Amino acid sequence: MSHVENELNSQPECWTRAAALAAEHAAALPAPGERVALVGCGTSLFMAQAAAALREGAGQGETDAFAASEFPHHRPYDRVVALTRSGTTSEVLELLGALPPGTRTTAVTADPETPVMQAADAVVVLDFADERSVVQTRFATTALTLLRAHLGLHSEDVVADARTALAEPLPEGLVDRTQFTFLGRGWTVGLANEAGLKMREAALAWTEAYPAMEYRHGPISIATEGTATWMFGEAPEGLAEQVRATGAQWIPGGLDPLAELVRAQRLAVAVAVARGLDPDSPRHLTRSVILTAS
């Protein structure tokens, strides 16, 4: 079994531990009313997108999400929260060092021995969710679980759904599809983006991700026999029927959307194995992007 398979299978336990830590780290996490920016790179960016939508939707305050390299330095924020598994990503460290005085900073990381420990005012270490695989699975979902629990939006039902996602077989014929599209609404748009990234990283698969209502504005034109469209959360009325009419396979999101992401992670590994690829060692990728001066 690959590292990524072992790691994704451990997610229910990791989520339970992260949820239990939320109260302990409440002072390091965004307080109600703060204007907050969440930042990250790659997978962490997509978790930031999901968390930002959840926080603002919960009425906790204006919340944005940015790639660390695209942070709008002209905008004032009360707090910037950086999600970084390795704690060494160049863009994240540069951003934390460039914020104006008075901006509170928090980092959520997996490694307590990395530069982000000194770069942020407060740090939440989820070392039990660290990973050996280049491809992120459990750290990303565990960090999001921490933030969901901090907002009061986590329950043991989510963990139960994750166990279901790991135990039930993938839909028949899904691994053999030639193209995969993931759709979300609100906070699950970030999850859809992450599902697409997992498929590209681990399986070199042709994948796309969209807000569900936008899918009908052009992208549905690629749906046909041999493709699959997977919904995270409740689908807009009539969309499932439209997709099925193209001949594409429709995958409804019946579980908690974060548990649906676990199913998509499993699909990425299954497609990689079917194509003779090593999901632990994606082409052209490293565990952390560390830029050196030219």
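**Examining the packing of aromatic side chains**
Line of reasoning, step 1. Throughout the structure, instances matching the rule amount to 7 aromatic pairs.
Line of reasoning, step 2. Pairing F66 with Y77 gives two aromatic rings, centres 6.4 Å apart and planes at 70°, and the pair type is edge-to-face. Residue F66 is found in strand β2 (residues 63-67), and its partner Y77 is found in the loop between β2 and β3 (79-84); the two are separated by 11 residues along the sequence.
Line of reasoning, step 3. Taking the relative accessible area as the measure of exposure, F66 reaches 15% and is therefore buried.
Line of reasoning, step 4. Over the aromatic face of Y77 sits the side chain of R35, whose NZ or CZ is 4.8 Å from the ring centroid.

**Things to note about helix α4 (residues 90-98)**
Line of reasoning, step 1. What α4 keeps buried is the set S90, V92, L95 and L96.
Line of reasoning, step 2. Where α4 is buried, its residues touch β1 (36-40), β3, β4 (104-109) and α5 (116-119).

**Digging into the nonpolar core**
Note that soluble globular proteins tend to have their nonpolar side chains buried in a common cluster.
Line of reasoning, step 1. By size, the foremost hydrophobic cluster in this structure holds 70 residues, and its most contacted members are V108, L126, L144, F180, F182, L191 and F232.
Line of reasoning, step 2. With 10 residues, the top contributor of residues to this core is helix α10 (residues 257-274).
Line of reasoning, step 3. Counting 15 residues, the second-largest nonpolar core is a separate cluster that includes A37, F66, A107 and V116.

**So, the sheet that holds β4**
Line of reasoning, step 1. Pairing within the open sheet is parallel, and its 5 strands lie in the order β2-β1-β3-β4-β5. The open sheet terminates on both sides in strands that have one partner only, identified here as β2 and β5 (122-125). Strand-to-strand, the axes of this sheet are offset by a mean angle of 20°, without reference to chain direction.
Line of reasoning, step 2. When β1 meets β2, the two strands line up parallel, connected through 5 bridges. Residue pairing for β2: V36 is matched across the bridge by T63.

Calculation criteria
By convention here, each chain's residues receive numbers from 1 onward along its written sequence. Two thresholds apply to this predicted model, a pLDDT of at least 70 for residue-level local features and 80 or more for giving and counting side-chain atom pairs, whereas whole-chain, interface and lining totals are computed over all residues. Calculated side-chain values reflect all of the structure's heavy atoms, with hydrogen atoms and water omitted. Working definition: a ring pair exists when centres of Phe, Tyr or Trp rings (six-membered ring for Trp) sit within 6.5 Å. Plane angles under 30 degrees give stacked, over 60 give edge-to-face, the rest tilted. Strands here mean DSSP runs of E at least two residues long; helices mean DSSP runs of H or I at least four residues long; both are numbered from the N terminus. The buried label goes to any residue with under 20% of its type's maximum accessible area, the exposed label to any with over 50%, and the partly exposed label to all in between, with areas taken from a 1.4 Å probe on protein chains only. Two limits define a charge over a ring: the Lys NZ or Arg CZ must be within 6 Å of the ring centre, and within 35 degrees of the ring normal. Whether two residues are in contact is decided by their heavy atoms, any of which lying within 4.5 Å being enough. Here the nonpolar core consists of buried residues drawn from Ala, Val, Leu, Ile, Met, Phe, Trp, Tyr and Cys, with membership extended through side-chain atoms lying within 4.5 Å. Here, a strand pair is defined by DSSP locating no fewer than two bridges between the strands. Lines fitted to C-alpha atoms define the axes here, with helix axes fitted over just the stretch in contact, and angles between the N-to-C directions of these axes take values from 0 to 180 degrees.

On their own, these measurements won't tell you what the molecule is for.
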